[in-house]
Amino acid sequence: MLEHSHDIDYGTPRRENEEEVTLDIDGMQVTVPKGTSLMRAAVDAGVQVPKLCATDSLEPFGSCRLCLVEIDGRRGYPASCTTPAEAGMKVRTQSPKLQELRKGMMELYISDHPLDCLTCAANGDCELQDMAGVTGLRNVRYGYDGANHLHAKKDESNPYFTYDPSKCIVCNRCVRACEETQGTFALTISGRGFDSRVSPGQDQPFMESECVSCGACVQACPTATLQEKSVIWLGQAEHSVITTCAYCGVGCGFKAEMKGNEVVRMVPWKDGKANEGHSCVKGRFAWGYATHKDRMVKPMIRKKITDPWQEVSWDEAVNYAASEFRRIQAKYGQDSIGGLVSSRCTNEEGYLVQKLVRAAFGNNNVDTCARVCHSPTGYGLKQTLGESAGTQTFKSVEKSDVIMVIGANPSDGHPVFASRMKRRLRAGAKLIVVDPRTIDLVKSPHIRAEHHLKLKPGTNVAVISAMAHVIVTEGLVDEAFVAERCEAKSFNEWREFVSRPENSPEAMEAVTGVPAADLRAAARLFATGHDGKKNGAIYYGLGVTEHSQGSTMVMGIANLAMATGNVGREGVGVNPLRGQNNVQGSCDMGSFPHELPGYRHVSDTTARSAFEAAWNVALRAEPGLRIPNMFDAAITGSFKGLYCEGEDVVQSDPNTQHVAEAMMAMECIVVQDLFLNETAKYAHVFLPGSSFLEKDGTFTNAERRISRVTKVMPPKAGYADWEVTQLLSNALGYPMNYRSAEEIMDEIAALTPTFKGVSYAKLAKLGSIQWPCNDEAPDGTPTMHIGEFVRGKGRFIITQYVPTDEKVTRMFPLILTTGRILSQYNVGAQTRRTENNQWHSEDRLEIHPSDAEDRGVEEGDWVGIKSRAGETVLRAIITDRVQPGVVYTTFHFPESGANVITTDNSDWATNCPEFKVTAVQVMKVMQPSAWQQEYSRFNRIQEGLLEARIEEAQ
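Residues numbered from 1 in each chain as written. Predicted model: local features only at pLDDT ≥ 70, side-chain atom pairs only at ≥ 80, totals over all residues. Heavy atoms only, no water.

(A) Structural view of the overall build of the protein. On a plain count of helices and strands, the protein comes out with 30 helices and 36 strands. At 29 Å, the protein has a C-alpha radius of gyration in line with the 30 Å of a compact globule built from 954 residues. Referenced to the eigenvectors of the C-alpha coordinate spread, the extents of the protein come out at roughly 90 × 80 × 65 Å. In the protein, 73% of the contacts between residues at least 6 apart in sequence involve partners at least 24 apart. Total accessible area on the protein is roughly 34600 Å²; 50% of this is exposed by carbon and sulfur atoms. Within the protein, one finds 102 positive and 119 negative side-chain charges whose respective centroids are separated by 2 Å. (Helix = DSSP H or I, 4+ residues; strand = E, 2+ residues; numbered from the N terminus. Rg over C-alpha atoms; globule rule 2.2 N^0.38 Å. Contact = heavy atoms within 4.5 Å. Areas by Shrake-Rupley, 256 points an atom, 1.4 Å probe, with all protein chains shown as cover. Lys, Arg positive; Asp, Glu negative; His and termini not counted. Charge placed at Lys NZ, Arg CZ, Asp CG, Glu CD.)

Next up, the structure:
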């Protein structure tokens, strides 16, 4: 277990400057970049100047007056946080006069502060308490008989933290954190003079304000004014462990602060390269699911899904699963079973699952949830640039001049990255949003998109080709970059294609719904840059990939980046925003049926031979079944067994009724998970999973960053997930004998060229590594495609717009599109078991006022949503965030049935479902849909069978 002391707080942010200055602080020479504050320079010299309003994550404010110093030749006592270091300065941080001034300031603070240190939740972790000691304050002469704030009422509305205004010293750190770090601007200082206090919104409770509960204000508070309720209940932690968040693909580093095996709080790690000390409501606070009462911690089996569950020993459960898989293969053939790799589990665990399928099952029937989210990213970027991943670091956005966000909603899906992007936008970068919905980034505090291309769902490719048309026909191509870096033949063919009149913004306007003038202006801005600077970056999400032309659109994005020279340096690039914490890693680990680890095709004799030698088994050279193929084969009778680790395909995959039919047709489904999820209700064997707090390993985020996951508590069910997979493999007769997750990573590194230099020792030294990491890049590769593309010359690919088969008609006149919301995550299995439900307790349908009026629908009404695949019922939200003709919902609650209505349409290259375009009709109703009624009945039966489970014999 790794121990970490408190991080050093330098008081003010680091300044980047090649010019340096040398000065004298308390008789010590120190050299710092020009622009560095005296406070930070003092820390470099080993001196901590007293402070309360300063912290190194925020710009200096200069209000607390504790950090006063003396400077030779200068009158007065300047604040060290706001005074820049100058060459030759002689600075004193300690003197009798400074001590007197500081003690006087502290006396004023304490005169209006409760003296309840012994019983205060922040006792032992309070900067005010520390500064009282540093300044030598021993008594307070005034304040308690006059006016004070000692009895101010607490705000307990937020489920995760308390606001106690009686302890507020009005240092402004929380307000500044909300502005500078988070970018929500939800806090302010209300009142004047003595009446000044922090206020959410217009003197509202926190839960009624615009606060998004990211925790930045709590992190910044130097007293117990803003305090985690978990700390109030449990007391201060006694040790901490660095680990990585198990929510979205940002991959934030956290310090799990612990008392024994109990988490007290999760604190964002300052040295986490993906988040640099910031967090969101999920990672910061929504970790309680790991110890929720719903956790399944005993293995269970049953012959049929109509039988009660029977609790059994690990050996019995694993041996039963293995015997059933062997029976099925003997009866139906070697290809009759398969496995699913989890994007929530570690790299090491994903690697073992695909190894189990290939080596123990003897086939390539393995797939992962990337099939339904970012498989087009892997295909499209591989074809054009030569590597199946994003090109940059998240920090790279700080050097972008124009940012284009396509089909992504970072504020909800990737909030910590969104905060970083917003900082750059506030600093002057220009924003283009391509989205059918008015997302938060279009207009929010101090941010406004220069262009919002509000396209019709399903017309992405038409928009990207029209933008390319403008860039080519108006002479905006970076000809030098293309000539040096790209294939001439493919570029010329692409240039001819996009130049055609039928690809012009004017010709495409009727298709896309985007005014030609707006599209032309956006294309010019992206190609030419802003204020003479040309760094253009593209960030995209599932609104790009989850279409019938998802792969085409990814290639179109890569075309645009290459044509404008926006690849291969900081501030530019093609950047997919991955949805789950390890969806990048699960793909890297070879979890697709056609690829071995490192994206090498199973037919590649050289790659396959290396694995055969290491694994001591012959491997199949033909690709196996994708997830949709598995379902189809199950229904037709040739696929009968599934090992599903950490995925809930019944809730997350399209056309729920089709998936359920496939589940019912199988003879042995083995589910390994934390909870009895929707898929587990169709299972015959349940193997308890382990949360990220209970295992060692690594996650790989959307920027290819490999980060350590560190066990902070023993697995509740006795085993980490990789150990369970190993038990199953051994029971099947294929031996695996790893003693640790580190041994698995060593094997991954030995067999995967892009991971060759990765080791736990190097991760401990560097904190994280971005692959490729090998002899050429021993410390990793923050920016890809510098100098040349991975494939050599960049390849342009023609992106012909082909309308989706999913057409609106008189019967289905609206288009349904789907997305996520900040407080919930994916299928909701984790976040629904936390207080995050207080923000979002059900999925609702957004509908435009004109469409609602046509149907007599009012706010909060129950409405039926019917498609060609099925029907469900949700409550309506009437909003102009969606355009007329478009409705929108989230998919976090199983009873909502969002995927009951999504169809089997999918991407032409990868089978990624077309979640974003479903033709529907919406009408006011009075009762749940037939599917929801059947779901409720089936759910009651399965919950009853769980409650009636036969406990393991003692």
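(B) Molecular detail of the pairing of strand β28 (residues 697-700). Here β28 shows no split at all, with G697 and F699 on one side and T698 and T700 on the other all buried. Here β28 pairs with strand β29 (residues 705-709) via 4 bridges, running antiparallel. By the bridge assignment, G697 is partnered in β29 with V709. Taking the residues that link successive antiparallel strands as the turn, the β28-β29 hairpin has 4 residues, and the phi of R704 there is positive, at about 65 degrees. (Buried < 20%, exposed > 50% of the residue type's maximum accessible area, 1.4 Å probe, protein only. Pairing = 2+ DSSP bridges.)

(C) Local environment of the packing of aromatic side chains. Applying the stated criterion to the full structure yields 22 aromatic pairs. Between Y247 and Y825 the ring centres are 5.1 Å apart and the planes differ by 80 degrees, which places this aromatic pair in the edge-to-face class. Here Y247, found in the loop between β9 (239-244) and β10 (253-259), pairs with Y825, found in the loop between β31 (814-819) and β32 (844-847); they are 578 residues apart in sequence, far enough to count as distant. For Y247, a relative accessible area of 3% corresponds to the buried category. An angle of 65 degrees between the planes, with centres 5.0 Å apart, marks the rings of F611 and W615 as edge-to-face. With a gap of 4 residues between them, F611 and W615 both fall in helix α21 (residues 605-615), about one helical turn apart. Each of the two residues, F611 as well as W615, counts as buried. Through a chain of ring-to-ring contacts, the aromatic side chains of Y160, F161, Y163, F206, F285 and W839 assemble into a single cluster. (Phe/Tyr/Trp six-rings, centres within 6.5 Å; stacked < 30°, edge-to-face > 60°.)

(D) Quick peek at the pattern of salt bridges. Enumeration according to the criterion identifies 58 salt bridges in this entry. Notably, a salt bridge pairs E70 with R92, separated by 3.1 Å at the nearest N-O pair. Within this pair, whereas E70 is found in strand β3 (residues 70-71), its partner R92 is found in strand β4 (residues 90-92), the two being separated by 22 residues in sequence. The buried category is assigned to E70, whose relative accessible area is 13%. (Salt bridge = Lys/Arg side-chain N within 4 Å of Asp/Glu carboxyl O.)

(E) Examining the packing of helix α22 (residues 627-636) against helix α24 (residues 656-665) more closely. Orientation of α22 relative to α24, taken along the N-to-C sense of each, is 55 degrees, at an axis distance of 8 Å. Between α22 and α24, the interaxial angle falls into the category oblique. The crossing of α22 and α24 is left-handed. Along its contact with α22, which presents F631, D632, A634 and I635, the element α24 presents H658, V659, E661, A662, M663 and A665. (Axes fitted to C-alpha atoms, helices over the stretch in contact; angles between N-to-C directions. Parallel < 35°, antiparallel > 145°, perpendicular 65-115°, else oblique. Left-handed = near helix turned anticlockwise from the far one by under 90°.)

(F) Looking closely at the pairing of strand β1 (residues 20-25). Of the strand pairs in this sheet, β1 and strand β2 (residues 28-33) are connected by 6 bridges, and their pairing is antiparallel. For V21, the partnering residue across the bridge sits in β2 and is V32. Hairpin connection of β1 to β2: 2 residues between the antiparallel strands, including D26 at a positive phi of 50 degrees. Across 2 bridges, the pairing between β1 and β4 is parallel. Pairing of D24 across the sheet is with K90, part of β4.

(G) Structural context of helix α10 (residues 375-384). Taken across its 10 residues, α10 has 7 buried, putting it largely inside the fold. Looking at α10, one finds that the buried residues are S375, P376, T377, G378, G380, L381 and T384. Where α10 is buried, its residues touch β21 (536-540), α18 (542-545), α19 (550-563) and β22 (573-576). Count one or two residues on from α10 and you reach G386, which has phi positive near 105 degrees.

(H) Looking closely at the sheet that holds strand β34 (residues 871-878). Around the barrel, 6 strands lie side by side as β31-β35-β32-β34-β33-β36; this closed barrel has mixed pairing. Each neighbouring strand pair of the sheet contributes to a mean axis angle of 45 degrees, computed without reference to strand direction. In terms of strand pairing, β31 meets strand β36 (residues 918-924) through 3 bridges, oriented antiparallel. Within β36, the residue paired with L816 across the bridge is T918.

(I) Geometry of the sheet that holds strand β17 (residues 430-434). Read across the sheet, 5 strands follow the order β20-β17-β16-β21-β22 without closing on themselves; strand pairing throughout is parallel. Bordering the open sheet on either side are β20 (451-453) and β22, each of which pairs with just one other strand. Going across the sheet, the axis of each strand differs from the next one's by a mean of 15 degrees, ignoring polarity. As paired strands, β17 and β20 are joined by 3 bridges and run parallel to one another. Bridging across to β20, V434 finds its partner in L453.

(J) Expanded view of the nonpolar core. Core analysis: the largest hydrophobic core is formed by 69 residues, its most contacted members being F161, L226, I403 and M421. Of all the elements, helix α12 (residues 415-426) adds the most residues to this core, at 4 residues. Sequence-distant contacts of F161, that is, excluding residues within four places in its chain, are made with D155, F206, C211, S213, C217, V218, L226, Q227, E228, K229 and F285. Counting residues in hydrophobic clusters, the runner-up holds 65 residues, among them C369, C587, W722 and L751. (Core = buried A, V, L, I, M, F, W, Y, C linked by side-chain atoms within 4.5 Å.)

(K) Seen up close, the packing of helix α13 (residues 460-473) against helix α17 (residues 516-528). Running from amino to carboxyl end, α13 crosses α17 at an angle of 65 degrees, the nearest separation of the two axes being 9 Å. When the axes of α13 and α17 are compared, the pair comes out roughly perpendicular. Of the two elements, α13 crosses α17, and the hand of that crossing is right-handed. Across the interface between the two elements, V463, A466, M467, H469, V470 and I471 from α13 touch L519, R520, A522, A523, R524 and A527 from α17.

(L) Focus on helix α9 (residues 347-361). Between its first and last C-alpha atoms α9 spans 20 Å; for 15 residues at 1.5 Å apiece the expected length is 21 Å, and the two agree. A maximum bend of about 25 degrees is found in α9 at K355. With 15 of 15 residues buried, α9 lies mostly within the body of the structure. Phi for G362, located one or two positions after α9, is positive at around 80 degrees. (Expected span 1.5 Å × (residues − 1). Bend = angle between axes of the 7 residues up to and from the residue.)

(M) The arrangement of the side chain of D588 in detail. With respect to the element layout, D588 can be found in helix α20 (residues 583-588). Here D588 occupies a buried position and makes no salt bridge, while the nearest side chain of opposite charge, R578, is found at 6.3 Å. Setting aside residues no more than four positions away along its own chain, D588 makes contact with P597, G598, Y599, T700, F755 and W771.

(N) Main features of the environment of T636. The topology assignment puts T636 in helix α22. When its relative accessible area of 67% is taken as the criterion, T636 is described as exposed. With 221 residues separating them in the primary sequence, T636 and V857 have C-alpha atoms 42 Å apart. Of the polar contacts made by the side chain of T636, one reaches the backbone oxygen of A633; its length is 3.1 Å. (Polar contact = N/O pair within 3.5 Å; in protein donor to acceptor, adjacent residues only side chain to side chain.)

(O) Examining the confidence of the model for the protein more closely. On average, residues of the protein carry a pLDDT of 94, and 99% of them reach 70 or more. Below a pLDDT of 50 lies the segment residues 1-5, which in the model reaches 12 contacts outside its immediate sequence neighbourhood of four places, other chains included. (pLDDT = per-residue confidence, 0-100.)

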